[in-house]
Amino acid sequence: MSLKCGIVGLPNVGKSTLFNCLSNAKAQSANFPFCTIEPNVGVITVPDERLAVLAPLVNTTKLVPTTVEIVDIAGLVKGASKGEGLGNQFLGNIRETDAIIHVLRCFDDDNVVHVDGTVDPVRDKEIIDTELQLKDLETCENRIKKVEKIAQVGGDKNAKIEYEVLCAYREALLEGKNARSVEFDSKDEQAAAKGLFLLTSKPVLYVCNVDEAAASTGNAYVEAVREAVKDENAEILVVAAQTEADIAELETYEERQEFLQDLGLEESGCNRLIKAAYKMLELETFLTAGEMEVKAWTYRKGWKAPQCAGVIHTDFEKGFIRAQVIKYEDFVRLGSEAAVRDAGLLHIEGKEYVVQDGDIMHFLFNV
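Residues numbered from 1 in each chain as written. Predicted model: local features only at pLDDT ≥ 70, side-chain atom pairs only at ≥ 80, totals over all residues. Heavy atoms only, no water.

(A) Inspection of the sheet that holds strand 6 (residues 204–209) at higher detail. Taken in spatial order, the six strands make up an open sheet running 2-4-1-5-6-7, and their pairing is mixed. In this open sheet, the two edge strands, each paired with only one partner strand, are strand 2 (40–45) and strand 7 (235–239). Averaged over all pairs of adjacent strands, the angle between strand axes in this sheet comes to 25°, irrespective of strand direction. As defined by bridge partners, strand 1 (residues 4–8) adjoins strand 4 (residues 67–72) across four bridges and the pair is classed as parallel. Residue pairing for strand 4: glycine 6 is matched across the bridge by valine 71. Running at roughly 170° to strand 7, helix 7 (residues 220–228) makes contact with strand 5 (99–105), strand 6 and strand 7 of the sheet. (Pairing = 2+ DSSP bridges. Helix = DSSP H or I, 4+ residues; strand = E, 2+ residues; numbered from the N terminus. Axes fitted to C-alpha atoms, helices over the stretch in contact; angles between N-to-C directions. Contact = heavy atoms within 4.5 Å.)

See the structure below:
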């Protein structure tokens, strides 16, 4: 399952530094705008403590976590929707992602220039929002010209639904709202909305990039962002990207944990960000566990057993018969599959079973 989160923001807010921490890639990071032109793509591991817990219970040392792609997109500037600062190329890169990680500069540093001269994360957010909204408005206006006559004169039901969706989006965008603020009730409307691939319809996670002193507590800039996005139903994470980069350079796990504890953090900002991005994409994880390996598999929340079987191999879905399901908590509490079976807690599920996060699965199939 190939799903991408795009990291966006104004130039010099810490996007590439954060990307490097997340992916262990070495995207160029420099103190001038448009340092990143081509998007850097990193495949990152999704932290899951359950794998290490299960490994000794099934007598294996091989752990295979699941992954998600992160794309470092060049810094947007005012006028990007009209092509300023290579804007069309950057906006096209955003369109190809499934969700947006919006990095906001929430630290003072005279040695790092700000493209607008002063630090103001709320203003920066509004600049990015405006550029994305203007591009979406252009998309809607162009599409309306194509379907309006068909919707009003012809008998094309799909064209009528798309026209109504486009009009609802256009109204919101003209009011300075993001497309994700518009909700549709019917499945037909939802399908039409999804097919437009609007930039501001994508789920967003705001990352407040702070200095080391504010890594655990936040600061006044962060509070200003919280107030600005309180009605957006969006999550905010506080991350000290440069500090995370320093932590990533430490050789041992013990050293990294000691550094985090000194900062008053239980978990690295990178781990918290990856988990939040995974959740934002509405992804969950089922597990397979045996002597060969303990492995995490990604699926979309709400998927049924055959669809999840298809994540392992398409033949598993085509020839699905049934699934054996053990709850993670039961496996850990009882210590083995045999003990779970003896306790009557190994469940046999059919095609309508909705898989739950952490389910330990074994699929039976016949092709």
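(B) Local environment of the environment of glutamate 267. With respect to the helices and strands, the residue glutamate 267 is situated in the loop between helix 9 (253–263) and helix 10 (269–280). A relative accessible area of 23% places glutamate 267 in the partly exposed class. Polar side-chain contacts of glutamate 267 include one of 2.8 Å to the side chain of lysine 275. (Buried < 20%, exposed > 50% of the residue type's maximum accessible area, 1.4 Å probe, protein only. Polar contact = N/O pair within 3.5 Å; in protein donor to acceptor, adjacent residues only side chain to side chain.)

(C) Broad picture of a nonpolar patch on the surface. Nonpolar side chains collect at one region of the surface, where Val53, Leu57 and Val332 lie side by side and expose about 180 Å² of accessible area between them. Relative to the helices and strands, valine 332 is located in helix 13 (residues 328–334). (Patch = residues over 30% accessible without salt bridge, like charges linked within 9 Å, V, L, I, M, F, W, Y side chains within 5 Å. Areas by Shrake-Rupley, 256 points an atom, 1.4 Å probe, with all protein chains shown as cover. Salt bridge = Lys/Arg side-chain N within 4 Å of Asp/Glu carboxyl O.)

(D) Examining the packing of helix 8 (residues 241–248) against helix 9 more closely. Interhelical geometry of helix 8 versus helix 9 gives an angle of 150° and a closest axis separation of 9 Å. Judged by the inter-axis angle, helix 8 sits roughly antiparallel to helix 9. Crossing hand, helix 8 versus helix 9: right-handed. Of helix 9, the residues touching helix 8 (which contributes Thr243, Asp246 and Ile247) are Arg256, Phe259, Leu260 and Leu263. A class-by-class count of the residues in the contact of helix 8 with helix 9 yields four nonpolar, one polar and two charged. (Parallel < 35°, antiparallel > 145°, perpendicular 65-115°, else oblique. Left-handed = near helix turned anticlockwise from the far one by under 90°. Nonpolar A, V, L, I, M, F, W, Y, C, P; charged D, E, K, R; others polar.)

(E) Geometry of the packing of helix 4 (residues 121–153) against helix 5 (residues 157–174). Following both chains from N to C, one finds helix 4 and helix 5 inclined at 150°, their axes separated by 8 Å at the closest point. The two elements helix 4 and helix 5 meet at a crossing, and its hand is left-handed. Counting all contacts with helix 4, which are made through Gln133, Asp136, Leu137, Cys140, Glu141, Arg143, Ile144, Val147, Glu148, Ile150, Ala151 and Gln152, the residues of helix 5 involved are Ala159, Lys160, Glu162, Tyr163, Leu166, Cys167, Tyr169, Arg170, Leu173 and Leu174.

(F) The environment of valine 207, seen in detail. Secondary-structure assignment places valine 207 in strand 6. Put simply, valine 207 and leucine 18 are 189 residues apart on the chain and 9.8 Å apart in space, counted from C-alpha to C-alpha. When neighbours within four sequence positions are excluded, valine 207 is seen to be in contact with Leu18, Ile101, His102, Val103, Leu104, Leu237, Val239 and Leu273.

(G) Structural context of helix 4. Compared with an ideal rise of 1.5 Å per residue, which puts 33 residues at 48 Å, helix 4 spans 47 Å between its outermost C-alpha atoms and is within 8% of the ideal. At valine 147, helix 4 shows its maximal kink, close to 40°. (Expected span 1.5 Å × (residues − 1). Bend = angle between axes of the 7 residues up to and from the residue.)

(H) Region of the structure containing the pattern of salt bridges. Throughout the structure, instances matching the rule amount to 20 salt bridges. Here arginine 333 ties to aspartate 330 by a salt bridge, and the two come within 3.0 Å at their closest N and O atoms. Placement of the pair is arginine 333 and aspartate 330 together in helix 13, with a separation of three residues, close to one helical turn. Put simply, glutamate 337 and arginine 341 hold a salt bridge, and the shortest N to O gap is 3.0 Å. Note that glutamate 337 and arginine 341 are positioned in helix 14 (residues 337–342) at a spacing of four residues, about one turn of the helix. Its relative accessible area of 43% is what places arginine 341 among the partly exposed residues. In the salt-bridge network here, residues are joined through shared partners; they are Asp48, Arg50 and Asp357.

(I) Expanded view of helix 11 (residues 305–312). Of all the residues in helix 11, the buried ones are Ala305, Pro306, Cys308, Ala309 and Gly310. Residues of helix 11 that are buried make contact with strand 8 (283–289), strand 9 (294–300), helix 12 (314–318), strand 10 (320–326) and strand 12 (360–365).

(J) A look at the confidence of the model for the protein chain. Averaged over all residues, the pLDDT of the protein chain is 86; the fraction at 70 or higher stands at 90%. Considering each helix and strand of the protein chain separately, the mean pLDDT is smallest for helix 3 (residues 87–95), with a value of 68, and largest for helix 13, with 97. The model gives residues 25–37 a pLDDT under 50, and that stretch makes 38 contacts with residues more than four places away or in other chains. (pLDDT = per-residue confidence, 0-100.)

(K) Local environment of unusual backbone geometry. Positive phi, normally seen in glycine, also occurs at phenylalanine 197, with a value near 55°. Following the sequence through the fold, phenylalanine 197 ends up in the loop between helix 6 (187–194) and strand 6. Positive phi values are uncommon outside glycine, yet glutamate 282 reaches one of about 60°. Structurally, glutamate 282 can be placed in the loop between helix 10 and strand 8.

(L) The arrangement of the packing of aromatic side chains in detail. Counting across every chain of the model gives six aromatic pairs. Ring centres of phenylalanine 286 and tryptophan 297 lie 6.3 Å apart, and the angle between their planes is 10°; this geometry places the pair in the stacked category. Highlighted residues: phenylalanine 286 in strand 8 and tryptophan 297 in strand 9, separated in sequence by 11 residues. Classification of tryptophan 297 by relative accessible area gives buried; the value is 13%. Taking 5.8 Å as the distance between ring centres and 90° as the angle between the ring planes, the aromatic pair formed by phenylalanine 286 and phenylalanine 363 counts as edge-to-face. With phenylalanine 286 in strand 8 and phenylalanine 363 in strand 12, the pair connects residues that are 77 residues apart, well separated along the chain. Side by side, phenylalanine 286 and phenylalanine 363 carry an identical accessibility label, which is buried. Here a set of aromatic residues connected by ring pairs shows up, and it is made of Phe286, Trp297, Tyr299, Phe320 and Phe363. Its guanidinium or amino end placed over the ring of phenylalanine 107, arginine 105 lies 4.5 Å from that ring's centre, counting from NZ or CZ. (Phe/Tyr/Trp six-rings, centres within 6.5 Å; stacked < 30°, edge-to-face > 60°. Lys NZ or Arg CZ within 6 Å of the ring centre and 35° of its normal.)

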